Amino acid sequence: MDSPTSMSSDDSMAARVARVRQRMDAACARAGRAPESVTLLPVSKTFGPEAVREAAALGLRRFGENKTQEIRQKAGPLADLDIQWVMIGHLQTNKAKDAARHAAEVQSLDRLDLAYALQRRLQAEGRAIDVLVQVKTSPEPSKHGLDMQAVSSFLRIVAGDCPALRVQGLMTLAVQSDDTAAVRACFRALRELRDRLRDENIPDVRLDRLSMGMSGDFEIAIEEGATEVRVGSAIFGTRTYLQAPL
Ligand SMILES: *Cc1c(COP(=O)(O)O)cnc(C)c1O
């Protein structure tokens, strides 16, 4: 996929963040949306504490991670910073305790056993966290997320049984494809689902937030209503899983 970073000689993190914000602002302008209506969630997975520290120095305060173990490893050396960790990856039920302890928010809530495990652990910690419900909008078999038809009843159960989980909205990953129409259809499906669910007025469920769009497709997501884009490689660089990240 084309990276706008390759068009510029300044490859500092500050320049990369500035270019991401320019792309976000341009997408907002095209969609007739206020630039403040979309926030940037930098995704620091596989990058070490020094990269997060550099990003924090640029004013970024929330960081997306997909493994509780990585959050644990980074949280220690960064304990002096006022930052928050957001779980965006598949969360195993036996990691609910770590998530309840270290994550300020979980965007990958996709099943009831995880909701109950988080509720139990959060209750033990005396905390409540914001959650987004991950929805499957693409036909790819590998994608986690609830089926669209299951979300309404899921929200009712979580709102009723899990007071430590404050539902704020929905999250999705689009199909991985060069076909931008197919990608757009995923984002549009999530927004339309959100609109239908809003009309149901489920008590104690907020549906203000739509987390969708990554480095390669966040402009499309913004055009389709994203309130938050999760951007990793366009800020931190290419992930080389072969390198020891920490
Ligand atoms: C890694 C990841 C991202 C960021 O991906 P990039 O393409 O590097 O921007 C966003 N969302 C989720 C769920 C991820 O796992």
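Definitions and limits used
Residues numbered from 1 in each chain as written. Predicted model: local features only at pLDDT ≥ 70, side-chain atom pairs only at ≥ 80, totals over all residues. Heavy atoms only, no water. Helix = DSSP H or I, 4+ residues; strand = E, 2+ residues; numbered from the N terminus. Rg over C-alpha atoms; globule rule 2.2 N^0.38 Å. Buried < 20%, exposed > 50% of the residue type's maximum accessible area, 1.4 Å probe, protein only. Contact = heavy atoms within 4.5 Å. UniProt positions renumbered as here; feature names shortened; annotations may be inferred. Pairing = 2+ DSSP bridges. Core = buried A, V, L, I, M, F, W, Y, C linked by side-chain atoms within 4.5 Å. Phe/Tyr/Trp six-rings, centres within 6.5 Å; stacked < 30°, edge-to-face > 60°.

Scanning the protein chain from N- to C-terminus turns up 9 helices and 8 strands. Relative to the compact-globule value of 18 Å for 246 residues, the protein chain shows a C-alpha radius of gyration of 18 Å, a close match. With respect to the principal axes defined by its C-alpha atoms, the protein chain has extents near 55 × 40 × 35 Å. Here the protein chain holds 246 residues, and the buried ones make up 51% of them. Considering only contacts within the protein chain whose residues lie at least 6 apart along the sequence, 61% involve residues at least 24 apart.

A few words now on the UniProt feature "modified residue: N6-(pyridoxal phosphate)lysine" (unreviewed entry) in the protein chain. UniProt annotation of "modified residue: N6-(pyridoxal phosphate)lysine" (unreviewed entry) refers to Lys45 when read in the numbering used here. When you line up the elements, Lys45 lands in the loop between strand 1 (39–42) and helix 2 (49–57). We classify Lys45 as buried; its relative accessible area is 16%.

Okay, the pairing of strand 8 (residues 228–231) next. Residue alternation in strand 8 divides its side chains into two sets, Glu228 and Arg230 and Val229 and Val231, and both sets are buried. Pairing analysis gives 4 bridges linking strand 1 to strand 8, with the strands arranged parallel. Opposite Pro42, over in strand 8, you have Val231 as the bridge partner.

Turning our attention to the side chain of Asp217. Checked against the element boundaries, Asp217 lands in the loop between strand 7 (209–211) and helix 8 (218–223). Contact partners of Asp217, with chain neighbours within four places excluded, come to Ala174, Val183 and Phe187.

Counting 70 residues, the largest nonpolar core has Leu118, Leu165 and Leu170 as the members making the most contacts within it. With residues up to four places along the chain from it excluded, the contact list for Leu170 reads Leu132, Val133, Val135, Val151, Leu190, Leu193, Arg194, Leu197, Leu207, Arg209, Leu210 and Ser211.

Within this structure, the stated rule accounts for 2 aromatic pairs. Ring centres of Phe47 and Phe236 lie 5.5 Å apart, and the angle between their planes is 25°; this geometry places the pair in the stacked category. On the criterion of sequence distance, the pair formed by Phe47 in the loop between strand 1 and helix 2 and Phe236 in helix 9 (residues 233–236) is long-range, its members being 189 residues apart. Judged by relative accessible area, which is 16%, Phe47 ranks as buried. With a centroid separation of 6.2 Å and 50° between ring planes, the pair formed by Phe63 and Trp85 is classed as tilted. Here Phe63 is found in strand 2 (residues 62–65), whereas its partner Trp85 is found in strand 3 (residues 84–87), with 22 residues between them in sequence. Note on accessibility: Phe63 and Trp85 belong to one class, buried.

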